[in-house]
Amino acid sequence: YERWGLSKYNSGDCSGATEDLKSAIQRGSENPELNEKLGTALFKANNFKESFSYLLKAAEANTSSVVLAEMTGIAAYQTKNYGKAVEFLTVAIDGNSTNKELFTCRGIARSNTGDDAGAIEDLKKAAAAGTSEYEVYRLLGDSYFKQDDFQNAITTYDKAVALKADDHVVIDNRGKAKMML
């Protein structure tokens, strides 16, 4: 199964490789490459929940791979495992500090773990890199608000409203921030 799975994976047949790689792992293969390949194949199929466990094993065995850390961090983020997302996205950002998607995901993960200062830092970098993601501005505004930085909260909420004018929660939060000035 291992040889067939790797052959299919290396030829670009990720979906065909998945079952063979799972079988090889279940049968006790000692090849550490299998977790990475299976996790990657599942990741490419947007099966983040299942890919995360295999990528985590691979990333813990290969701590020097930035690409593996990035996939593991994004899979953790997608499955709402925000602590692991922050951990692995930090490794990925250290190796690729210009990727706004990584800052966005880590900023949102930090926001969800209560690290508002860290969330502000990351979401500001994502916004400066030109993101047009509504959620970045909403969470950045929320983080500013929690830090009692009401002027920056208002400015950021304005950007969120410009992207999604019908979000009454953001509009209400902007109004609350204005009342706090």
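Preceding block: the structure.
Cut-offs and rules
Residues numbered from 1 in each chain as written. Predicted model: local features only at pLDDT ≥ 70, side-chain atom pairs only at ≥ 80, totals over all residues. Heavy atoms only, no water. Phe/Tyr/Trp six-rings, centres within 6.5 Å; stacked < 30°, edge-to-face > 60°. Buried < 20%, exposed > 50% of the residue type's maximum accessible area, 1.4 Å probe, protein only. Lys NZ or Arg CZ within 6 Å of the ring centre and 35° of its normal. Helix = DSSP H or I, 4+ residues; strand = E, 2+ residues; numbered from the N terminus. Contact = heavy atoms within 4.5 Å. Salt bridge = Lys/Arg side-chain N within 4 Å of Asp/Glu carboxyl O.

Chemist: I'm lost on the packing of aromatic side chains in this one. Help?
Modeler: Two numbers describe a pair of aromatic rings. These are the distance of the centres and the angle of the planes. Within this structure, the stated rule accounts for 4 aromatic pairs. Their ring planes at 80 degrees and their centres at 5.2 Å tell us that phenylalanine 43 and phenylalanine 48 sit as a pair that is edge-to-face. By relative accessible area, phenylalanine 43 is classed as buried at 17%. For phenylalanine 48, a relative accessible area of 17% translates into the label buried. Directly above the aromatic system of tyrosine 134 lies the positively charged group of lysine 164, at a separation of 5.0 Å from the ring centroid.

Chemist: Can you help me understand the side chain of aspartate 20 in this one?
Modeler: Summarising the element assignment, aspartate 20 is placed in helix H2 (residues 14-26). With relative accessibility at 11%, the residue aspartate 20 sits in the buried group. Setting aside residues up to four positions removed in sequence, aspartate 20 forms contacts with Tyr1, Trp4, Gly5 and Lys8.

Chemist: Hey, could you run me through the pattern of salt bridges in this one?
Modeler: Two side chains of opposite charge can pair, provided their charged atoms sit close to one another. Summed over the entire model, instances satisfying the criterion amount to 13 salt bridges. For arginine 110, the salt bridge identified is with aspartate 122, shortest N-O distance 3.2 Å. Residue arginine 110 is found in helix H7 (residues 100-112), and its partner aspartate 122 is found in helix H8 (residues 116-128); the two are separated by 12 residues along the sequence. One exposure class covers both arginine 110 and aspartate 122, and it is buried. A salt bridge links arginine 174 to aspartate 158; the shortest N-O distance between them is 2.9 Å. With arginine 174 in helix H11 (residues 168-180) and aspartate 158 in helix H10 (residues 150-163), this pair connects stretches of sequence that are 16 residues apart. Residue arginine 174 is classed as buried on the basis of its relative accessible area, which comes to 18%. Among the ionic contacts, a cluster of salt bridges with common partners joins Arg106, Arg110, Asp115 and Asp122.

Fair warning: the whole summary comes from geometry, so function is off the table for now.
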